[in-house]
Amino acid sequence: MINNKRNFSLNVFERASICRHFENEVYKRIVKKEIEFPVYLSAGQEYAPATIAEIVSKKQIKPLIFGQHRGHSIYLSFGGDINKLIKELKGKKDGCTYGMGGSLSIHSMKINMYGHDGFMGSNACIGTGACFSSKKPTIIFIGDAALEEDYVLASLSWVSKKKLPILFVVDDNNYAVLTKKDERRDWEAKELAKAFKMQSFDMMDDPMKISKYLKKSLFKQPTLVNIHTQRIFWHAGAGKDKENVFDRYLQQKKLLGRKADLLDEKIKKRMKLLWEKN
Amino acid sequence: MGKELRQTIKTITSHHLKKNKSQVFGQNLTGVGWVAGTLPKLFEKDGVIELPMADVAGGGIVTGSALMGKRPIYIIRYQGYNWFNCIFIVNYACKSNAIWKIPCPMMIRGISSEGSIGPVAGSAHISTIYKMPGLKIFSPMTNKEYSNVYKNFMKSKDVFYISEHRSSYSNTKEFKNDLTGNKDIILMPISVTRFAAEKAKLILEKKGFSVGIIHLVNLKPFLIKSEWIKAIKKSKFGVLMTDNDYVDGVLRILAHQINEKTNKPVSVLGLDDKTAGHHKKVDNLPPNELKIAERVKIIIKKK
Ligand SMILES: Cc1ncc(C[n+]2csc(CCOP(=O)(O)OP(=O)(O)O)c2C)c(N)n1
Ligand SMILES: [Mg+2]
């Protein structure tokens with residue numbers, strides 16, 4: 001039992017560590033102005049996609065994935081090609097999106113991840129239609145602000161009506177750029193989904209919690225999970241709004257001990273090399 | 001009596017649903033006239049999908065279906081709703097192949113109509129979306145034209161917008177261009193104004209004018225054929241274009257291209273630049289045959 005838990009946590013940590021070191025490498029290159037288009041770093045928010053990717057992988061399900069602009073961790077957690085993402089951020093033709101995707105519109109057919117156009121929340125409608133017509137299990141990642149878009153609300157309603165096998169993951173970092181949730185609305189995602197008669201959960205980005213709630217009912221009915229995360233860097237670009245925000249990745253690293261340290265060190269080195277090589 | 005256009009659209013739709021296992025999306029499709037008799041009496045199990053009254057999301061849902069290779073048909077019952085319905089289509093479906101190399105083909109049936117229908121629902125609204133890359137726009141008014149557009153859609157990876165007109169559904173005839181001899185002026189009508197332009201041509205010919213006509217079906221991409229250029233260059237007074245969209249839109253975009261290629265004056269006659277009310281007295285209608293004939297006379301007199 002404990003061992004099983006340990007494997008799961010370590011696997012999730014591995015995915016998260018890949019995301020974190022990837023983002024740290026990107027950060028350096030934004031500072032050096034090697035990357036000049038807007039980049040949406042996902043450091044601090046890795047644990048939602050990393051955990052869900054581990055759950056679906058264990059279940060041997062390959063869902064359709066519709067992410068939003070902050071998509072590096074989604075791409076990497078689900079096994080998107082790291083070299084190709086590096087190339088993409090360098091604007092190369094053999095990048096994952098042929099040099100067209102920048103940071104915001106990345107995609108990968110290897111992992112069934114469809115690209116984002118830049119209209120926040122468009123992925124909710126498009127993912128809904130894709131699931132409706134293909135009947136394939138689908139994950140739609142969306143920000144806490146994009147959830148407020150009228151067309152996202154309409155999508156939730158229809159997903160519930162049609163009982164589609166969709167998991168909405170609200171990546172709730174509490175921010176729309178710099179506007180906090182309590183300045184924008186007085187309702188919670190979980191209550192909203194409930195009103196639409198959808199199964200819904202609200203939780204921190206603790207992998208054991210995410211796993212506990214999602215494992216059994218995944219893709220069996222329309223579900224929304226609001227996961228609270230902490231953005232470490234600016235909304236876009238390289239910089240910090242605050243020092244000392246809670247860091248799930250560091251917390252898990254400490255919790256998992258030496259095995260995690262070794263794994264993390266290896267990943268860090270590998271990521272540095274990959275960025276130099278591509 | 002020949003076959004009406006509504007029957008052709010209905011047959012194409014049945015075939016598309018059965019043979020290609022496709023889907024037709026739209027609001028209020030089933031019942032109440034079945035989209036003016038253009039939709040077969042089928043339901044969700046057959047692929048006719050009632051969308052909720054969420055116009056923006058609806059266009060996104062159809063985009064998702066298209067992304068899965070379903071080649072859906074999307075019915076927009078009044079083109080005025082393009083403002084909502086086409087947001088994700090022109091920004092995602094139309095760009096998908098260029099950015100992600102994933103084609104997202106769908107066929108949109110945008111229906112235009114006018115007459116006592118108020119400030120938002122009437123007329124054609126192609127101009128709203130015309131400029132967007134990755135979009136193809138057609139306005140077939142006859143059986144043959146419609147079948148050809150559908151055939152091309154099935155061979156294409158693009159988003160096709162079919163600008164229909166309610167008044168054309170009972171049409172049984174085909175149109176022919178007339179470029180013979182030397183013309184005083186050449187009419188280039190679009191959509192429902194093609195019926196009026198044919199009548200205006202007869203009126204003017206009776207008065208002794210020599211009037212040519214080029215029926216426009218393929219609006220985007222807009223290809224100006226060499227025989228058109230030749231005939232327009234030979235004409236005395238150039239071209240009069242007509243449409244049931246506002247005058248400051250597609251009409252002027254196309255007129256400019258024709259003018260560039262021929263160096264001849266190109267006049268335009270569409271909906272006036274004003275908001276329509278509901279009563280007949282305050283409506284904003286496309287030019288009828290009398291208005292077209294009148295404009296031709298003014299153009300010729302001016303010279
Ligand atoms: C339709 C639309 N409106 C506004 C914007 C501008 N915009 C870009 S990101 C963003 C904030 C999105 O917040 P959220 O969905 O919570 O995602 P986060 O950035 O926090 O990950 C906004 C408002 C946009 N891109 N698209
Ligand atoms: Mg946010």
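In this text the structure is predicted, and so the values were computed from the model without any measurement.

Asker: Explain the overall build of chain A to me, please; I cannot follow it from the model alone.
Answerer: If you tally the helices and strands in chain A, you get 11 helices and 8 strands. The C-alpha atoms of chain A give a radius of gyration of 18 Å, which matches the 19 Å a tight globule of 278 residues would have. Expressed along its principal axes, the backbone C-alpha trace of chain A runs to roughly 50 × 45 × 40 Å. For chain A, the residues scored as buried account for 59% of the 278 residues in total. Restricting the contact set of chain A to residue pairs at least 6 apart, pairs at least 24 apart contribute 75%.

Asker: I'm lost on the site of ligand 1 in this one. Help?
Answerer: Residue and element names in this part refer to chain A. As a structural note, the neighbourhood of ligand 1 is formed by 17 residues, with His69, Arg70, Gly118, Ala145 and Asn173 the closest of them. Residue histidine 69 places a side-chain N or O atom 2.8 Å away from an oxygen atom belonging to ligand 1. Residue aspartate 144 places a side-chain N or O atom 3.0 Å away from an oxygen atom belonging to ligand 1. About the coverage of ligand 1: the protein hides 74% of its 580 Å² of free accessible area. Partitioned by chemical class, the residues of the shell around ligand 1 number 8 nonpolar, 6 polar and 3 charged.

Asker: Help me out: how do you make sense of the pattern of salt bridges in this one?
Answerer: Oppositely charged side chains can form a pair if their charged atoms are brought close together. Residue and element names in this part refer to chain B. Overall, the coordinates contain 31 salt bridges over all chains when judged by the stated rule. The partner of aspartate 178 in a salt bridge is lysine 183, with the nearest N and O atoms 3.3 Å apart. With a closest N to O distance of 2.8 Å, lysine 201 and glutamate 205 form a salt bridge. On the criterion of helical spacing, the pair formed by lysine 201 and glutamate 205 is a turn pair, its members being 4 residues apart in helix H8 (residues 193–206). What makes lysine 201 buried here is its relative accessible area of 8%. The exposure class assigned to glutamate 205 is partly exposed, which follows from its relative accessible area of 31%.

Asker: How do you make sense of the domain arrangement of chain B when you look at a structure like this?
Answerer: Interfaces are often sized by the accessible area lost when the parts come together. Residue and element names in this part refer to chain B. Split into domains, chain B comes out as domain 1 (5–170) and domain 2 (185–302). Spacing between the C-alpha centres of domain 1 and domain 2 amounts to 26 Å. Contact residues are listed per partner, giving 27 residues for domain 1 and 27 residues for domain 2. Broken down residue by residue, the surface that domain 1 buries against domain 2 is led by Pro119, Tyr130 and Ser139, which jointly contribute 27%. The tally of links between domain 1 and domain 2 comes to 1 salt bridge. Of the charged contacts in the structure, one is a salt bridge between glutamate 145 and arginine 194, with a shortest N-O distance of 2.6 Å. Taken together, the links from domain 1 to domain 2 amount to 13 residue pairs in polar contact (both at pLDDT 80 or more). Elements represented by at least two residues in the side of domain 1 that touches domain 2 include exactly helix H6 (118–121) and strand E5 (135–138). Sort the elements by how many residues they give to the side of domain 1 that touches domain 2 and E5 lands first, with 4 residues.

Asker: Can you walk me through the nonpolar core in this structure?
Answerer: Inside soluble globular proteins, nonpolar side chains tend to come together where they are buried. Residues and elements named next belong to chain B. Counting 83 residues, the largest nonpolar core has Met188 and Met241 as its most contacted members. The greatest single-element share of this core, amounting to 8 residues, is contributed by helix H5 (residues 87–100). Both of domain 1 (5–170) and domain 2 (185–302) provide at least three residues apiece to this core.

Asker: Would you take a moment to explain the coordination of the magnesium ion (ligand 2) for this structure?
Answerer: Geometrically, a metal with four donors at the corners of a regular tetrahedron has ideal angles of 109.5 degrees, and one with six donors at the corners of a regular octahedron has ideal angles of 90 or 180 degrees. All names here are of chain A. The protein atoms donating to the magnesium ion (ligand 2) are Asp144 (OD), Asn173 (OD1) and Tyr175 (O), with metal-donor distances spanning 2.1 Å. Of note, the donors binding the magnesium ion (ligand 2) are all from one chain and are spaced D-x28-N-x1-Y. Here aspartate 144 is found in the loop between strand E3 (138–143) and helix H6 (150–161), whereas its partner asparagine 173 is found in the loop between strand E4 (166–172) and strand E5 (175–176), with 29 residues between them in sequence. Judged by its relative accessible area of 1%, aspartate 144 is buried.

Asker: Sorry if this is basic, but what is going on with the side chain of glutamine 68 of chain A here?
Answerer: Residue and element names in this part refer to chain A. Tracing the backbone shows glutamine 68 in the loop between strand E1 (64–66) and helix H3 (72–77). Using a relative accessible area of 9% as the deciding quantity, one classes glutamine 68 as buried. Among the polar contacts made by the side chain of glutamine 68, one reaches the side chain of histidine 69 at a distance of 3.3 Å. The contacts of glutamine 68, once residues within four sequence positions are left out, are Ile74, Leu104, His116, Met120, Gly121, Asn123, Phe141, Ile142, Gly143 and Ala146.

Asker: It is not clear to me how the sheet that holds strand E8 (residues 211–213) of chain B should be interpreted in this structure. Could you clarify?
Answerer: Strands pair in a sheet through their backbones, by hydrogen bonds, and they do so in one of two ways: parallel or antiparallel. Residue and element names in this part refer to chain B. The 4 strands lie next to each other as E8-E7-E10-E11, forming an open sheet whose pairing is parallel. Sheet topology places E8 and strand E11 (266–271) at the edges, where each strand pairs with a single neighbour. Each neighbouring strand pair of the sheet contributes to a mean axis angle of 25 degrees, computed without reference to strand direction. As judged from the 3 bridges shared by strand E7 (residues 185–189) and E8, these two strands associate in the parallel manner. When the bridges of E8 are listed, isoleucine 186 appears paired with glycine 212.

Here is what the cut-offs are and how they apply
- Residues numbered from 1 in each chain as written.
- Chains lettered and ligands numbered in written order.
- Predicted model: local features only at pLDDT ≥ 70, side-chain atom pairs only at ≥ 80, totals over all residues.
- Heavy atoms only, no water.
- Helix = DSSP H or I, 4+ residues; strand = E, 2+ residues; numbered from the N terminus.
- Rg over C-alpha atoms; globule rule 2.2 N^0.38 Å.
- Buried < 20%, exposed > 50% of the residue type's maximum accessible area, 1.4 Å probe, protein only.
- Contact = heavy atoms within 4.5 Å.
- Near = heavy atom within 4 Å.
- Polar contact = N/O pair within 3.5 Å; in protein donor to acceptor, adjacent residues only side chain to side chain.
- Areas by Shrake-Rupley, 256 points an atom, 1.4 Å probe, with all protein chains shown as cover.
- Nonpolar A, V, L, I, M, F, W, Y, C, P; charged D, E, K, R; others polar.
- Salt bridge = Lys/Arg side-chain N within 4 Å of Asp/Glu carboxyl O.
- Domains from an automatic or database assignment.
- Buried area = accessible area lost by both parts, 1.4 Å probe.
- Core = buried A, V, L, I, M, F, W, Y, C linked by side-chain atoms within 4.5 Å.
- Donors = N, O, S within 2.8 Å, 3.2 Å for Na, K, Ca; no water.
- Pairing = 2+ DSSP bridges.
- Axes fitted to C-alpha atoms, helices over the stretch in contact; angles between N-to-C directions.

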